[in-house]
Amino acid sequence: MKKLSVFIILISLFACGKSTDVVKVQTQKTAVVLDAYSVALDHATAFEKSGFTDQKTYNDSVSGFQDILNKDKTNADAWFNLGRLYFYKQETQKSEDSIKKAIMYRGNFVEAYSLLTKLYLSQGNIEYAMSVAERANEVLPENDVIMNNLAILYIKSGEFGSARKIAEDIIRKNTKFAPAYVTLGNIYYLNYKYEMARFIYQKAIEQDYNSGDVYTNIGIITSRLDDKKNSIGFFTSAVEKSPGNPEARNNLGEYYLSVGDYEGALKEFNEALRLNPKMVQAMINLAIAYTRVKLLDEAEQNYKKAMSLDPSFAELYFNYGVFLSDHRGDNTQALSFFNKFILLKGKEISDKHRVYRYIKEINQGQKTTGN
């Protein structure tokens, strides 16, 4: 299942705050700090361009910012960049502590508020994320970035009307603010208005919005509305523009899986999991790909790992049930998983779903051996 990318907006490069422009004309000691900051920032940018994979640039950047903070603990830019580094290495507590320090030492730090919002959202804590965004809006009223983050949180909460009003208000005020077009496109997509969503996403691209999320979203729509082959260009562009985005990797992998390119699918799913080891959907997709190439033990390991990470993930039970029935001949456990899937999905699935065919065949004794 391809997943729409709905991202809290952050600047693409690591931050170098306005305060440094003022400091440049001051003492020689400060100039030395600026040089150290520039070196640390270069390492951080290199780490980002590597798709957040180069351990050496990560270590060098962390050490650089920590050295700066040892000399000046009030350097909000250093705290923020340290928070970003920790965030992308999934060291969440260190990231949270660092971002809060950045906000403490600079109360109007837009990017820090956004990153803290994104951090809480990545943990599934919408209440905390909303409180941060609302606090940011009090400090920085009518700021486009903060307002757009609020709209994204309203989407996550299912309050599409409120989200749409905010996004449209931003666009009326600032027609060149591309992230608001992405947010508005997401709203149309989630309400199944795919043609309108694609039109709005294209508006974002016209404003030079080059993050991979918008390309992967257009790819999803194109695969739904047009010939599936037409979507590959958007999925590959998404990965090229955001190589560190696990959702983009997963969506490209799903495309490869759907056209029978199992080698390509395995590569992208493994990359998605390297970027986000707890991404259950990629884990399930990897299990499906392993099954297609007859690596059944590897497939089952991924199903079991996914279940240990998120036992409430409904699609896991259907896919694992199919695997057990078709490839292990374990119809008893498969039937248990199918019933669990139906319980979790509720009215989201119709009586024509494949799960009911499997249940019927098992109950009628038509599926008795593994393949």
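Everything here concerns the structure above.
Here's a quick rundown of the structure. (Residues numbered from 1 in each chain as written. Predicted model: local features only at pLDDT ≥ 70, side-chain atom pairs only at ≥ 80, totals over all residues. Heavy atoms only, no water.)

## With respect to the packing of aromatic side chains
Part 1 of the argument: A complete count under the given rule lists 17 aromatic pairs for this structure.
Part 2 of the argument: Taken together, a centroid distance of 5.7 Å and an interplanar angle of 70° make the contact between Tyr37 and Phe65 edge-to-face. One end of the pair, Tyr37, is in helix α2 (residues 28-49); the other, Phe65, is in helix α3 (residues 55-71), with 28 residues separating them in the sequence.
Part 3 of the argument: Note on Tyr37: relative accessible area 3%, which makes it buried.
Part 4 of the argument: With 6.3 Å between their ring centres and 85° between their planes, Tyr192 and Tyr194 make a pair best called edge-to-face. (Phe/Tyr/Trp six-rings, centres within 6.5 Å; stacked < 30°, edge-to-face > 60°. Helix = DSSP H or I, 4+ residues; strand = E, 2+ residues; numbered from the N terminus. Buried < 20%, exposed > 50% of the residue type's maximum accessible area, 1.4 Å probe, protein only.)

## Examining the side chain of Glu268
Part 1 of the argument: Of note, Glu268 is situated in helix α15 (residues 262-275).
Part 2 of the argument: The class of Glu268 is buried, set by a relative accessible area of 4%.
Part 3 of the argument: A distance of 3.1 Å separates polar atoms of two side chains, one belonging to Glu268 and the other to Arg249.
Part 4 of the argument: Each residue touching Glu268, except ones within four places of it in the same chain, is listed here: Arg249, Leu252, Gly253 and Tyr256. (Polar contact = N/O pair within 3.5 Å; in protein donor to acceptor, adjacent residues only side chain to side chain. Contact = heavy atoms within 4.5 Å.)

## Section: unusual backbone geometry
Part 1 of the argument: Of note in this structure, Asp208 is not a glycine but carries a positive phi near 65°.
Part 2 of the argument: When you line up the elements, Asp208 lands in the loop between α11 (194-206) and α12 (212-225).
Part 3 of the argument: For Asp208, a relative accessible area of 62% translates into the label exposed.
Part 4 of the argument: Even without being glycine, Lys294 reaches a positive phi, approximately 70°.

## Describing the pattern of salt bridges
Part 1 of the argument: As enumerated under the stated definition, the model contains 20 salt bridges in all.
Part 2 of the argument: The closest approach of N and O atoms between Arg198 and Glu195, which form a salt bridge, is 3.1 Å. Placement of the pair is Arg198 and Glu195 together in helix α11, with a separation of three residues, close to one helical turn.
Part 3 of the argument: Owing to a relative accessible area of 15%, Arg198 belongs among the buried residues under this scheme.
Part 4 of the argument: The salt bridge involving Arg357 is made with Glu361; its shortest N-O contact spans 3.3 Å. Of this pair, Arg357 and Glu361 both sit in helix α20 (residues 354-363), separated by four residues, roughly a single helical turn. (Salt bridge = Lys/Arg side-chain N within 4 Å of Asp/Glu carboxyl O.)

## Some details on the packing of helix α14 (residues 246-258) against helix α16 (residues 280-292)
Part 1 of the argument: Where α14 meets α16, the closest approach of the two axes is 11 Å, and the angle between their N-to-C directions is 25°. Taken as axis vectors, α14 and α16 run roughly parallel relative to one another. Pair α14 / α16 crosses with left-handed handedness. In this structure, α14 contributes Asn250, Glu254 and Leu257 to the contact, and α16 contributes Gln281, Ala282, Asn285, Ile288, Ala289 and Arg292.
Part 2 of the argument: Across the contact of α14 with α16, the residue classes break down as four nonpolar, three polar and two charged. (Axes fitted to C-alpha atoms, helices over the stretch in contact; angles between N-to-C directions. Parallel < 35°, antiparallel > 145°, perpendicular 65-115°, else oblique. Left-handed = near helix turned anticlockwise from the far one by under 90°. Nonpolar A, V, L, I, M, F, W, Y, C, P; charged D, E, K, R; others polar.)

## So, α12
Part 1 of the argument: When the terminal C-alpha atoms of α12 are compared, their 20 Å separation across 14 residues agrees well with the 20 Å that a helix rising 1.5 Å per residue should span.
Part 2 of the argument: A large share of α12 lies buried, amounting to twelve of its 14 residues.
Part 3 of the argument: Every buried residue of α12 is accounted for by Gly212, Asp213, Val214, Tyr215, Thr216, Asn217, Ile218, Gly219, Ile220, Ile221, Thr222 and Ser223.
Part 4 of the argument: Packed against the buried residues of α12 are α10 (178-190), α11, α13 (232-241) and α14. (Expected span 1.5 Å × (residues − 1).)

## Comments concerning the environment of Thr183
Part 1 of the argument: Within the secondary structure, Thr183 sits in helix α10.
Part 2 of the argument: Put simply, Thr183 and Gln366 are 183 residues apart on the chain and 48 Å apart in space, counted from C-alpha to C-alpha.
Part 3 of the argument: In this view, Thr183 contacts Asn148, Ala151, Ile152, Ile155 and Ala167; residues no more than four positions away in its chain are not counted.

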